[in-house]
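# What the coordinates show
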Amino acid sequence: MAKREVLGLFSISVGTFILLYGVFLIYFPILMDHLFQATPLVIGLVISAASLSTAATALQLGRLTAKYSERTLIKTAFILYGLTLVLVPFMHTIRTILIPTIIFGVAQGLNIPSLQTLLTSLAPMNQRAAILSLNGTVLRLGQTLGPLMMGLVYAGWQLNGVFIVGAGLALIMFFVVSFTLPARKTRSA
């Protein structure tokens, strides 16, 4: 098992869940309330658009992995995360906020299944359960760190700062993918 690749994937899991829980699920609804005085129902409907686009993208993943490596899909996901987080503060209506919401969902649909596929393919059969279990722990670390880190950012730089720092984290994760994951196509055993 390639330690560098597995550590890279664990880092990507942490980064993904910092973005999801620290930026998107906490500060995106706050931004919608702040900018549009959106009701909880409207906020929930907009965020559900991300879930729908995640599901639609994940359903196409078989076709996408036939053409592109998981590494390429994960890199694309982090570009999309960054694009989403840069766009969000510039949206001026509920309708336009759907655009970055859907893009975020597409990124999730590309990233998380591809990450799981790579982890599964890198882990020897006798260590696979342990590696996937450890990834579950690692992603919970991202869920825990995300709100804490972005809360500190929010305290210092308000809402726009959260989205700017989130976009910066997406860029960092793009480079983590570039330098730690194999360029070859990897298939599950």
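Quick summary incoming for the structure in this document. (Residues numbered from 1 in each chain as written. Predicted model: local features only at pLDDT ≥ 70, side-chain atom pairs only at ≥ 80, totals over all residues. Heavy atoms only, no water.)

## Comments concerning the packing of aromatic side chains
Here the distance between the centres and the angle between the planes together describe a pair of aromatic rings. All chains considered together, the criterion is met by eight aromatic pairs. Judged by centre distance (4.1 Å) and plane angle (5°), the rings of Phe24 and Phe104 are stacked. Taken together, the residues span a long stretch of sequence, with Phe24 in helix H1 (residues 3–36) and Phe104 in helix H5 (residues 94–122) at a distance of 80 residues. In this structure, Phe24 and Phe104 share a single accessibility class: buried. Through pairs of rings, three or more aromatic residues link up here, namely Phe24, Phe28, Phe78, Tyr81 and Phe104. (Phe/Tyr/Trp six-rings, centres within 6.5 Å; stacked < 30°, edge-to-face > 60°. Helix = DSSP H or I, 4+ residues; strand = E, 2+ residues; numbered from the N terminus. Buried < 20%, exposed > 50% of the residue type's maximum accessible area, 1.4 Å probe, protein only.)

## Overview of unusual backbone geometry
Of note in the backbone geometry, Gln37 takes a positive phi value of approximately 50° without being a glycine. By the secondary structure assignment, Gln37 is in the loop between H1 and helix H2 (40–59). With a phi close to 60°, Gln158 is a non-glycine residue in the positive phi region. Mapped onto the fold, Gln158 is located in helix H6 (residues 128–180).

Interpretation in functional terms is not warranted from these geometric data alone.
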